[in-house]
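A structural walkthrough
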Amino acid sequence: MSNIPESFKERYCKLVDEPEAFLASLERPLPKSFRVNTLKASADEVKAGMESYGFKVRQMPWCAEAFVSDSLEIGATLEHFTGMIYIQELASMLPPVIVKKELEDARIVLDGCAAPGSKTTQMAAIMQNKGTLIANDLDYERIRALKFNLEKSGVINTIITNYDLQHLPDQSYDVVILDAPCSAEGTIRKNDHIFDSWSPRAVSSYSGNQRVLILKAFDLLKPGGTMVYSTCTFAPEENELVVDHLLKNREGASLEQVSVEGFKTCEGFTGYDGKEFDPRVASCVRVWPHHNDTGGFFLAKVRK
Amino acid sequence: MRGRRGDPKSDGRTEGKERSGDVRRHKGPDKEKQMNASEVKENTLKYFEERFGLPRTIFDGYSIYLGPKGRLYLGPAKVPPNLRIVSPGLLIARADSGIKPSTNLFQLFGRQVERNIIPLSKEQTKKFVMGTDMILEKSDVGDVSDGYVLVRYLGYNLGCALLKGTTLKNMVPKAKRLGLSFI
C-alpha cells in the first residue's frame, strides 16, 4: 500500500519485532473470517453448511466459534441471511474471549462503545441471552447498524442507549468492555483510507479522550468487576499510556495478565518516547498483524 | 399496567426489579395504549401459541415492551432505572392492525414453530431472500390457512410471509434482503 506515510513506518518499525514482516503484512488483505452465533446454531452445523458449498473453513484454536474461510462469499449464504454467522475480524473477537468466564457469570454488563455490535452480539451469545447487557454508543447514526445487527443475531438480553460514555448515569456493572474510539491504525488491511486522516496530532487527540473514558468505565465497575480496555491501533499513546493513566489515578485498579491460548501476542510496552509507564502494563497485550494474520489490536484486562 | 410511574417524559423504565413477563411502555404517553398494553401482549402471545404452536415459555425471564405503532419488543427483565433507552430489545411483532410476527422472531424461534409453515424449494428460497412475492402450487400450501406463515428451507428458518390463497407475500425487510450465491 503505497499510501502508508513514512512517519508511520518509522514510528512502528522501531517498536515491532520483525519490521519487514510487519510492513509486508499491512499490504495483504485480511483473511475472510466469521463467528458462529451460538444463539442460533452450533459451530458444527455451520461448518457442515459452509463445507456443503465447497468452502474450506478453518476453526481457530483459540475460539471454537471463530473461523477463517477461503471463500470471500460467506456473506451470500443462508447462514448469513439467518444470522447464524456474524462476519467479524478475528482480532475484534478477542475482548469478549478474554472475559468469557466473567461474562458467563455476569448479571449486568456494559459495552461502552458498542456500534456496530460485533462484540455486543458476541457477548450476548456468551451470556446465552441471559442477564442484562447495555449496548451504548455516542453516535446515533451508528446505532441503526447496532440495532440491525442485534436483531439479526437474535439478541434479547440487550438494550441500546445513546450517551456520551462520560455522562452515562451511575450504575455498577459486573463487566465493562471499553473498545475505545481510536486512530484505527490496526484496520489498515481492510481500510487503507485510515491514513487520509492519520497524524500524530490525531493520535494525541484520541489519547486524551481515551484517558477520560477509561476512568469513567472503571468507575462504573462493581468491586470485583472486570473491565476490558481495547483499541484497534498500534499507538502507545492510545494503549499503554491510557492504561498507565488509569493505574496512576485509581488505586483500586489492578491488571490481569491477558493470554489467549493458541494466539500469539506480545506484552505491553513499559515505556515509550522517553516516558516510563507503570511496569504492570506489561500484562497488557499487543496483537501485531504479522503474528496471526489478523488486524492490529491492543487489550488490557483490569480488575477492580 | 405496571411500571409506568414517575416522570411522564421518561420512557417508562422505572425500576430494576420488574417481574418477568411484565409489559412496560417503551415510549410516549398514550392513555389508550397504556390501558391496552397487557391486552396487546396477551393477544399476541395467544396468537403465537394458537397459530404457530409457539409456547409462552420461550418468553419467560424476559420483559415485553409496547412501543409506538403497536411494536412489541422482547428485552431483558431487569434494566437500570435511570437510563434513557433507544431500543429495549428484539422487535417480535407489530400489533397495530392485526398481529404480524417479525422476521427476526421467526429466525430466532423458528425451530419451535409447529404449524402454518411453508417449505420452499431451493429456487424459491433464492427468490424469497431477495424479497420477491410468489405464487405457490396448491399442493405446497397444503392445509396451511391464510394469514402469516413461517417460511422455511430445510433447517433454515427464513422468516415471515403473508399467505393468501396461493399467493405468498414477502415480508423480508429491505435491509435484510440478499442475493444468495450459494445454497
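That block above? That's the structure.
Residues numbered from 1 in each chain as written. Chains lettered and ligands numbered in written order. Predicted model: local features only at pLDDT ≥ 70, side-chain atom pairs only at ≥ 80, totals over all residues.

1. Overview of the overall build of chain A
This is how the line gets drawn: Where helices and strands are cited, they refer to DSSP runs of H or I of at least four residues and of E of at least two residues respectively, numbered from the N terminus. Here the radius of gyration uses the C-alpha set of atoms, whereas the globule reference equals 2.2 Å times the residue count to the power 0.38. Partly exposed residues are those whose C-beta has more than 12 but fewer than 20 other C-beta atoms within 10 Å; 20 or more makes a residue buried and 12 or fewer makes it exposed, with C-beta atoms placed from the backbone.
A count of helices and strands for chain A gives eleven helices and 15 strands. Its C-alpha radius of gyration of 19 Å places chain A within 12% of the 19 Å reference for a compact globule of 304 residues. Seen along its three principal axes, the alpha-carbon backbone of chain A occupies a region of about 55 × 45 × 35 Å. When burial is assessed residue by residue, chain A has 54% of its 304 residues classed as buried.

2. Description of the pairing of strand 15 (residues 297–303) of chain A
All names here are of chain A. The condition is simple: Being paired, for any two strands, means DSSP has found at least two bridges between them.
Among the seven residues in strand 15, six count as buried, and that is most of the element. Summarising the sheet, strand 9 (residues 221–231) and strand 15 pair through six bridges and their orientation is antiparallel. Bridging from a neighbouring strand, M227 pairs with V302 of strand 15. Two strands pair when backbone bridges link them, and strand 10 (residues 254–256) and strand 15 are joined in this way by three bridges, in the antiparallel orientation. The partner of E256 across the bridge, within strand 15, is K301. With three bridges connecting them, strand 14 (residues 285–287) and strand 15 associate as antiparallel partners. Note on strand 15: the bridge partner recorded for V287 is F297.

3. Quick notes on the sheet that holds strand 10 (residues 156–164) of chain B
Residues and elements named next belong to chain B. Condition: Any pair of residues counts as being in contact when their C-beta atoms, constructed from backbone geometry, are within 7 Å of one another. Note on definitions: angles span 0 to 180 degrees between N-to-C directions of axes, and those axes are lines fitted to C-alpha atoms, for helices only across the stretch in contact.
Judged by pairing direction, the sheet is mixed, and its five strands sit side by side in the order 7-9-10-11-8 without closing on themselves. Only two strands of the sheet have a single partner each, and these edge strands are strand 7 (117–119) and strand 8 (134–135). Against the sheet, helix 3 (residues 122–129) touches strand 8, strand 9 (147–153), strand 10 and strand 11 (167–170), its axis set at about 80° to strand 10.

4. Description of helix 7 (residues 118–126) of chain A
The α-helix winds at 3.6 residues per turn, so residues separated by three or four positions along the chain end up facing the same way. Residues and elements named next belong to chain A. Most of helix 7 sits inside the fold, with nine of its nine residues counted as buried. Three or more residues of helix 7 are buried, namely S118, K119, T120, T121, Q122, M123, A124, A125 and I126. Q128 sits one or two positions beyond helix 7 and adopts a positive phi of about 55°.

5. A short note on the pairing of strand 3 (residues 71–76) of chain B
All names here are of chain B. A large share of strand 3 lies buried, amounting to five of its six residues. Where strand 2 (residues 62–66) meets strand 3, five bridges bridge the pair, whose relative direction is antiparallel. Across the sheet, the residue bridging to L66 is L72, located in strand 3. Hairpin connection from strand 2 to strand 3: four residues lie between these consecutive antiparallel strands, with K69 at a positive phi of about 55°. As paired elements, strand 3 and strand 5 (residues 90–94) share four bridges and run antiparallel to each other.

6. Things to note about the packing of helix 9 (residues 200–219) of chain A against helix 10 (residues 240–249) of chain A
Residue and element names in this part refer to chain A. For clarity, the cut-off: Angular relationships are summarised with four words: roughly parallel below 35 degrees, roughly antiparallel beyond 145, roughly perpendicular across 65 to 115, and oblique for the angles in between. Take the far helix as your reference; a near helix turned counterclockwise from it by less than a right angle gives a left-handed crossing, and one turned clockwise gives a right-handed crossing. Just so you know the grouping, Ala, Val, Leu, Ile, Met, Phe, Trp, Tyr, Cys and Pro go in nonpolar, Asp, Glu, Lys and Arg go in charged, and all remaining residues, Gly too, go in polar.
Viewed as axis vectors pointing N to C, helix 9 and helix 10 meet at an angle of 45°, and their least axial separation amounts to 9 Å. With respect to their mutual orientation, helix 9 and helix 10 come out oblique. Our pair here, helix 9 against helix 10, has a crossing hand that is right-handed. Side by side, helix 9 and helix 10 meet where S207, Q210, R211, I214, L215 and F218 of the first sit next to L241, V242, H245, L246 and N249 of the second. Residues of the contact of helix 9 with helix 10, tallied by class, amount to six nonpolar, four polar and one charged.

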